[in-house]
Amino acid sequence: MAAYSECDVALMRAAIECAKKCASVDSAYNVGAVIADAEGEVLSTGYSRQLPGNTHAEQCALEALGALEERGMLASAGAALYTTMEPCSKRLSGNAPC
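Residues numbered from 1 in each chain as written. Predicted model: local features only at pLDDT ≥ 70, side-chain atom pairs only at ≥ 80, totals over all residues. Heavy atoms only, no water.

- With an unreviewed UniProt entry as reference, the protein is termed DRAP deaminase, source organism Coemansia nantahalensis.

1. Comments concerning the nonpolar core
Then, number 1: In this structure, V31, A33, I35, L43, A57, A61 and L65 together form the largest nonpolar core, which totals seven residues.
Then, number 2: If you list the elements that add at least two residues to this core, you get β1 (32-36) and α2 (57-70).
Then, number 3: Setting aside anything within four residues of it in sequence, one finds V31 in contact with A19, C22, G46, Y47, S48, A57, E58, T83, T84 and M85.
Then, number 4: Of all hydrophobic cores here, the second largest spans six residues; its members include A15, V34, A36 and Y82. (Core = buried A, V, L, I, M, F, W, Y, C linked by side-chain atoms within 4.5 Å. Buried < 20%, exposed > 50% of the residue type's maximum accessible area, 1.4 Å probe, protein only. Helix = DSSP H or I, 4+ residues; strand = E, 2+ residues; numbered from the N terminus. Contact = heavy atoms within 4.5 Å.)

2. A short note on the pattern of salt bridges
Then, number 1: Counting across every chain of the model gives one salt bridge.
Then, number 2: Between E17 and K20 there is a salt bridge, and its shortest N-O distance comes to 3.0 Å.
Then, number 3: The exposure class assigned to E17 is partly exposed, which follows from its relative accessible area of 46%. (Salt bridge = Lys/Arg side-chain N within 4 Å of Asp/Glu carboxyl O.)

3. Focus: α2
What sets the pattern is the α-helix's 3.6 residues per turn: residues three or four places apart point alike.
Then, number 1: Between its terminal C-alpha atoms α2 stretches 20 Å, which fits the 20 Å expected from 14 residues at 1.5 Å a residue.
Then, number 2: Where α2 is concerned, the buried positions are A57, E58, Q59, C60, A61, L65 and L68.
Then, number 3: For α2, the elements touching its buried residues are β1, β2 (42-47) and β3 (80-83). (Expected span 1.5 Å × (residues − 1).)

Quick look at the structure:
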């Protein structure tokens, strides 16, 4: 049995499509991120440099998710993050690590 489901594959493909939206720069990767609930419903998406301030894809997706939660539009319990690159643990740009 595979360690991942067809839903996982579809959500990872969605993250890859998000990465294609990035404006390319020589000094950074183009990364996409998708946050989905336990049933595989997409809650939010993001991509590198989507928001001002050298933002990472995961940060953009988390900020979009937070905005929905603030408006009472969803609960993210059991959510999973699909990203095309390992989230960072240290940043030099001043933003918080993913």
